Amino acid sequence: VSLALFGAFITRVSVAMPADEALAVEGVNLLTPMVFATVLFGAMIPYWFSALTMRSVGEAANEMVKEIARQWSDIPGLKDSATMSLSERHEHVKAGGTLRKPDYERCIAISTQASLREMVAPGVLVIATPIVVGFLFGVQSVAGLLTGAIVSSVQLAISMSN
């Protein structure tokens, strides 16, 4: 898919350029200093994105752990209800006791809010980087950036899947 998107980028940019300067005709020379530099920078983007998302997951998990600890200490009877087996719970209710349940809605709210809040930076990174590089350094540099990102993303995907 990423190679198809890269091909679509080259085709679309070539249509908007003068015919003699089109990337589809001229190609992208990876040995020019600016393109080579953006290939290296593009190769770092997937790792940067992964680091940001891992940090975000860690922070969201920390918030969840704090909420669970708060519920364990603030909701009376929650520890007793949670440690009962299914048969013990049945007997407890049959004897007229009540089971205490955690505040699931609060945990879901923490998870949802954290996911929305924490994914802003990675989202801005992947959307803004090609735009900024394009405005500052031109179309050839964006092609280098995308090339580096595609190549390193494949390796990163293989590494992270195992």
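Look up a bit, the structure's there.
The residue count restarts for each chain, going from 1 along the sequence in the order it is written. For a predicted model such as this one, the threshold for reporting local features is a pLDDT of at least 70, and the threshold for listing and counting side-chain atom pairs is 80 or more; totals across whole chains, interfaces and linings nevertheless cover every residue. In computing side-chain properties, one takes all heavy atoms of the structure into account and sets aside hydrogens as well as water.

## Comments concerning the overall build of the chain
Inclusion rule: Numbering of helices and strands runs from the N terminus; a helix is a DSSP stretch of H or I covering at least four residues, while a strand is a stretch of E covering at least two. Each radius of gyration is computed over the set of C-alpha atoms, and the globule rule expresses the reference value as 2.2 Å times the number of residues to the power 0.38. Buried residues are those whose accessible area, probed at 1.4 Å on protein chains only, stays under 20% of the maximum for their type, while exposed residues exceed 50% and partly exposed ones sit between those limits. Only the protein chains shown count as cover for residues, with accessible areas throughout obtained via the Shrake-Rupley method and a probe of 1.4 Å. For the purpose of charge, His is not counted, nor are the chain termini; Lys and Arg are scored as positive and Asp and Glu as negative. For charged residues, the charge sits on one atom: NZ in Lys, CZ in Arg, CG in Asp, CD in Glu.
A tally of regular secondary structure across the chain gives eight helices and zero strands. Listing every helix and strand of the chain by position from the N terminus yields α-α-α-α-α-α-α-α. Here the C-alpha atoms of the chain give a radius of gyration of 26 Å, more than 25% beyond the 15 Å that 2.2 N^0.38 yields for 162 residues. Dimensions of the chain, computed from the C-alpha atoms along their principal axes, are close to 85 × 25 × 25 Å. Each of the 162 residues in the chain was classed as buried or not, and the buried ones make up 26%. Counting only carbon and sulfur atoms, one obtains 69% of the accessible surface of the chain, whose full area is about 10,700 Å². In the chain, which carries 11 positive and 13 negative side-chain charges, the distance between the mean positions of the two groups comes to 10 Å.

## Points about the side chain of S141
Note on placement: S141 falls in helix α8 (residues 139-160). Judged by relative accessible area, which is 1%, S141 ranks as buried.

## What to know about the packing of helix α3 (residues 33-74) against helix α7 (residues 120-137)
Counted only if it meets this: Axes, fitted as lines to C-alpha atoms, cover a helix only where it is in contact. Angles between the N-to-C directions of the axes lie from 0 to 180 degrees. Put simply, angles under 35 degrees are roughly parallel, angles over 145 are roughly antiparallel, angles from 65 to 115 are roughly perpendicular, and the rest are oblique. The handedness criterion is simple: a crossing whose near helix is rotated anticlockwise from the far helix by less than a right angle is left-handed, and one whose near helix is rotated clockwise is right-handed. By definition, residues are in contact when any of their heavy atoms lie within 4.5 Å. When residue character is reported, Ala, Val, Leu, Ile, Met, Phe, Trp, Tyr, Cys and Pro are called nonpolar, Asp, Glu, Lys and Arg charged, and the others, Gly included, polar.
Closest axis-to-axis distance for the α3/α7 pair is 10 Å, and the angle between their directions is 170°. The orientation of α3 with respect to α7, classified from their angle, is roughly antiparallel. Along this stretch, α3 crosses α7, giving a crossing that reads as right-handed. When α3 is examined against α7, the residues M34, T38, F41, I45, W48, F49, L52 and T53 are found in contact with a partner set consisting of A121, P122, L125, V126, T129, V133 and F137. When the residues that make up the contact of α3 with α7 are grouped by side-chain class, the tally is twelve nonpolar, three polar and no charged.

## Remarks on the pattern of salt bridges
The condition that has to hold: Here, a salt bridge means any side-chain nitrogen of Lys or Arg that lies within 4 Å of a carboxyl oxygen of Asp or Glu.
Scanning the entire structure with this criterion turns up six salt bridges. For the salt bridge of R70 with E67, the shortest nitrogen-to-oxygen distance reads 2.6 Å. Within this pair, R70 and its partner E67 are both found in helix α3, separated by three residues, close to a single helical turn. R70 gets classed as partly exposed once you look at its relative accessible area, which sits at 33%. Put simply, E67, R70, D74 and R106 are held in one network by salt bridges that share partners.

## Things to note about the nonpolar core
Stated precisely, the cut-off is as follows: Within this scheme, the nonpolar core is defined by two criteria: the residues are buried Ala, Val, Leu, Ile, Met, Phe, Trp, Tyr or Cys, and they are joined through side-chain atoms within 4.5 Å.
Of all hydrophobic cores here, the largest spans 13 residues; its most connected members are F6, F9, I10 and A143. For this core, the elements supplying multiple residues, two or more each, are α1 (2-16), α3, α7 and α8. Look past the residues within four positions of F9 in its chain and what remains in contact with it is V139, V142, A143 and L146.

## Brief notes about α3
We apply this condition: What a helix should span is 1.5 Å times the count of its residues minus one. Fitting axes to the seven residues ending at a residue and to the seven starting there, one defines the bend at that residue as the angle between these axes.
For α3, with 42 residues, the first-to-last C-alpha span of 61 Å sits near the 62 Å given by 1.5 Å per residue. At I45, α3 shows its strongest bend, of approximately 25°, with the proline P46 following within four residues.

Geometric descriptors of this kind do not, in isolation, establish any biological role.
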